[in-house]
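# Coordinate analysis (summary)
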Amino acid sequence: MNTQPTLAKEGGSTGDPGGTPQSDGLKAGLKNRHLSMIAIGGVIGAGLFVGSGSGIAAAGPAILLSYALVGAMVVFVMRMLGEMAAARPSSGSFSAYADQALGRWAGFTIGWLYWFFWVVVLAVEATAGAVILESWVPAVPQWAWALIVMVVLTATNLASVASYGEFEFWFAGIKVVAIGAFVAIGLLAVFGVLPGSDNPGAGFAHLTDAGGFLPMGAGAILTGVLMVVFSFMGSEIVTLAAGESEDPQRAVTKATNSVIWRIGVFYLGSIFVVLTLLPWNDPSIVEKGSYVAALDSIGIPAAGQIMNVIVLTAVLSCLNSGLYTASRMAFSLGQRGDAPKAFAKVDKRGVPRAAILSSVVFGFVAVFFNYEWPDTVFAFLLNSSGAVALFVWLVICVTQLRMRGIILRESPEKLVVRMWLFPYLTWATIGMIVFVLGYMIYDGGSAREQVVLSLLVAALVLAVALVREQVRKTSRT
């Protein structure tokens, strides 16, 4: 039996019975239930559980408007991405579409920036997970827990895409059930009908009883936007995963159509519950975390440990998906000749092993930097990838402006998902993203540093892309 990896190419097949062969060599190993849960869980990051307290402290109840504004932006971006992904499913998603619509330089640049973003996220999440695990089992050092977590999830991704899908199904499922239960129980306590609750059940009074709905002024809404925008990153993962599903068009269409209620329930719903259970300036929201403080106010025992389990699940989910996403982007870049050819090779199970292992290696290096030089080297990596999410969303918008015409010209019957009010809403979304980037620079501090460093890294990658393009043209002539 031939166990050597095969180079993925158009029309190729690996013939593995474990999944339907795809034209690019990957396997359709993800089932509809996997894609559904990846779509739902993709918008619930660890940042929602960990970082929401700081946002509430900075903006008060007006943080709801911050979440609503960013949520609307993500809904519009996902609608545009869904339009392209339903018509042309691809493991490279927006990077492949940018390649087709804007040029090789665009696909190369945004693809590598996105890969870089997720490699850094691997280090952040592995460390966060290790901190929780070490608090439970102090005998095992933190670095060892980070290593164990990375190794286990690497093995999962190397096994098959179905293994990734199964793990993510359960990780995302726990997050969804937890948030759903939190919203339901919290609302009962808000209205004073939860048996045995310690919360006074003040109804909606806490939204205005501590300085009004805008206690920090209208400008705090924009400050809140900067604090919550990055917790939404990951919603686009389903469009990459759809390329390895049995019915990509159906999966993307379903995920795109459901993004509104997902953001409404999981983000706005859960933050609304926190703000109605407690006054926004309650010190416990920052000290314990918004969700733990809310659970404590109800009187649920061991609220901190319950939330630690949920946060650990969110961290593992993010790690799992981050490794998958980085490897598939590397695979797509390899296919297009923008990364080493080895990245475009798949084994007999349709798994891009080289793309996975290379992403893991850089993830391990980033973890090492986090432990050895957290305030210098790793801080630079973190800040230089901080604004990549906004760059990705901006490229998706610009690409969709061009791709709509290409799809209508070449395969109009595949335009089953359409961006609303095209092109006006697309341009409005572009304006929103540019405004947020501009406000980050104006706001100063860490936000400005993130934009400036991310722009520098983007300029460097773009320069490499343009040089490669020039060399390619010269060699042809």
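Up top is the structure.
In this text the structure is predicted, and so the values were computed from the model without any measurement.

Definitions and cut-offs
- Residues numbered from 1 in each chain as written.
- Predicted model: local features only at pLDDT ≥ 70, side-chain atom pairs only at ≥ 80, totals over all residues.
- Heavy atoms only, no water.
- Axes fitted to C-alpha atoms, helices over the stretch in contact; angles between N-to-C directions.
- Helix = DSSP H or I, 4+ residues; strand = E, 2+ residues; numbered from the N terminus.
- Parallel < 35°, antiparallel > 145°, perpendicular 65-115°, else oblique.
- Left-handed = near helix turned anticlockwise from the far one by under 90°.
- Contact = heavy atoms within 4.5 Å.
- Nonpolar A, V, L, I, M, F, W, Y, C, P; charged D, E, K, R; others polar.
- Polar contact = N/O pair within 3.5 Å; in protein donor to acceptor, adjacent residues only side chain to side chain.
- Patch = residues over 30% accessible without salt bridge, like charges linked within 9 Å, V, L, I, M, F, W, Y side chains within 5 Å.
- Areas by Shrake-Rupley, 256 points an atom, 1.4 Å probe, with all protein chains shown as cover.
- Salt bridge = Lys/Arg side-chain N within 4 Å of Asp/Glu carboxyl O.
- Buried < 20%, exposed > 50% of the residue type's maximum accessible area, 1.4 Å probe, protein only.
- Expected span 1.5 Å × (residues − 1).
- Phe/Tyr/Trp six-rings, centres within 6.5 Å; stacked < 30°, edge-to-face > 60°.
- Lys NZ or Arg CZ within 6 Å of the ring centre and 35° of its normal.
- Core = buried A, V, L, I, M, F, W, Y, C linked by side-chain atoms within 4.5 Å.

### Considering the packing of helix α3 (residues 63-87) against helix α17 (residues 424-443)
Between α3 and α17, whose axes approach to 10 Å, the crossing angle comes to 130°. Compared by their axis directions, α3 and α17 come out oblique. Two packed elements cross with a definite hand, and for α3 against α17 that hand is left-handed. Between α3 and α17, the residues in contact are Leu69, Met73, Phe76, Val77 and Met80 and Leu425, Thr426, Thr429, Met432 and Ile433, respectively. Classifying every residue of the contact of α3 with α17 gives eight nonpolar, two polar and no charged.

### Quick look at the side chain of serine 270
Inspection of the secondary structure assignment puts serine 270 in helix α10 (residues 248-277). Of the polar contacts made by the side chain of serine 270, one reaches the backbone oxygen of phenylalanine 266; its length is 2.5 Å. Apart from the residues lying within four places of it in its own chain, the contact partners of serine 270 are Leu48, Ile179, Phe182, Val183, Val265 and Tyr291.

### Thoughts on a nonpolar patch on the surface
On the surface, Leu187, Leu188, Phe191, Val193 and Phe204 cluster together into a nonpolar patch covering about 450 Å² of accessible area. Structurally, the position occupied by leucine 187 is in helix α7 (residues 161-190). Judged by relative accessible area, leucine 187 falls into the partly exposed class, the value being 30%.

### Focus on the pattern of salt bridges
Should their charged atoms come close, side chains of opposite charge can pair. Counted under the stated rule, the structure contains 10 salt bridges. The salt bridge partner of glutamate 83 is arginine 404, with a shortest N-O separation of 2.8 Å. One end of the pair, glutamate 83, is in helix α3; the other, arginine 404, is in helix α16 (residues 388-410), and 321 residues separate them in sequence. On the basis of relative accessible area, glutamate 83 is assigned to the buried category, the value being 0%. The closest approach of N and O atoms between aspartate 338 and arginine 104, which form a salt bridge, is 2.9 Å. Taken together, the residues span a long stretch of sequence, with aspartate 338 in the loop between α13 (303-335) and β4 (345-346) and arginine 104 in helix α5 (residues 104-136) at a distance of 234 residues. Three or more residues joined by partner-sharing salt bridges are found here, namely Asp99, Arg104, Arg336, Asp338 and Arg468.

### Quick look at α3
An ideal rise of 1.5 Å per residue puts 36 Å on 25 residues; α3 measures up with 36 Å between its terminal C-alpha atoms. The element α3 is extensively covered by neighbouring structure, given that 21 of its 25 residues are classed as buried.

### Description of the packing of aromatic side chains
Under the counting rule described, the total for this entry stands at 22 aromatic pairs. Seen in terms of ring centroids, tyrosine 67 and phenylalanine 232 are 6.2 Å apart; in terms of plane orientation they differ by 50°. Their pairing is tilted. Highlighted residues: tyrosine 67 in helix α3 and phenylalanine 232 in the loop between α8 (219-228) and α9 (237-241), separated in sequence by 165 residues. Summarising the burial analysis for this pair, tyrosine 67 and phenylalanine 232 share the class buried. By the ring-pair criterion, three or more aromatic residues cluster together here, those being Phe94, Tyr114, Phe117 and Trp118. Over the ring of phenylalanine 169 we find arginine 33; its NZ or CZ atom is 4.7 Å from the centre of that ring.

### Things to note about the side chain of threonine 127
Relative to the helices and strands, threonine 127 resides in helix α5. A residue is classified by how much of its surface remains accessible, and threonine 127, at 12% relative accessible area, is buried. Residues within four places of threonine 127 in sequence aside, it is in contact with Gln142, Asn370 and Tyr371.

### Focus on the nonpolar core
The nonpolar side chains of soluble globular proteins are, as a tendency, buried together. One finds Phe49, Phe94, Trp118, Leu390, Val392, Trp393 and Ile396 to be the most contacted residues of the largest nonpolar core, which totals 162 residues. Setting aside chain neighbours within four positions, we find tryptophan 393 in contact with Met73, Val74, Val77, Val229, Phe232, Met233, Glu236 and Ile433.

### A closer look at the packing of α8 against α17
Contact geometry of α8 with α17 gives a least axis separation of 10 Å together with a crossing angle of 100°. Taken as axis vectors, α8 and α17 run roughly perpendicular relative to one another. Residues Gly219, Leu222, Thr223, Val225 and Leu226 of α8 lie in contact with α17, whose contacting residues are Phe435, Val436, Tyr439, Met440 and Asp443. In terms of residue class, the contact of α8 with α17 is made up of seven nonpolar, two polar and one charged.

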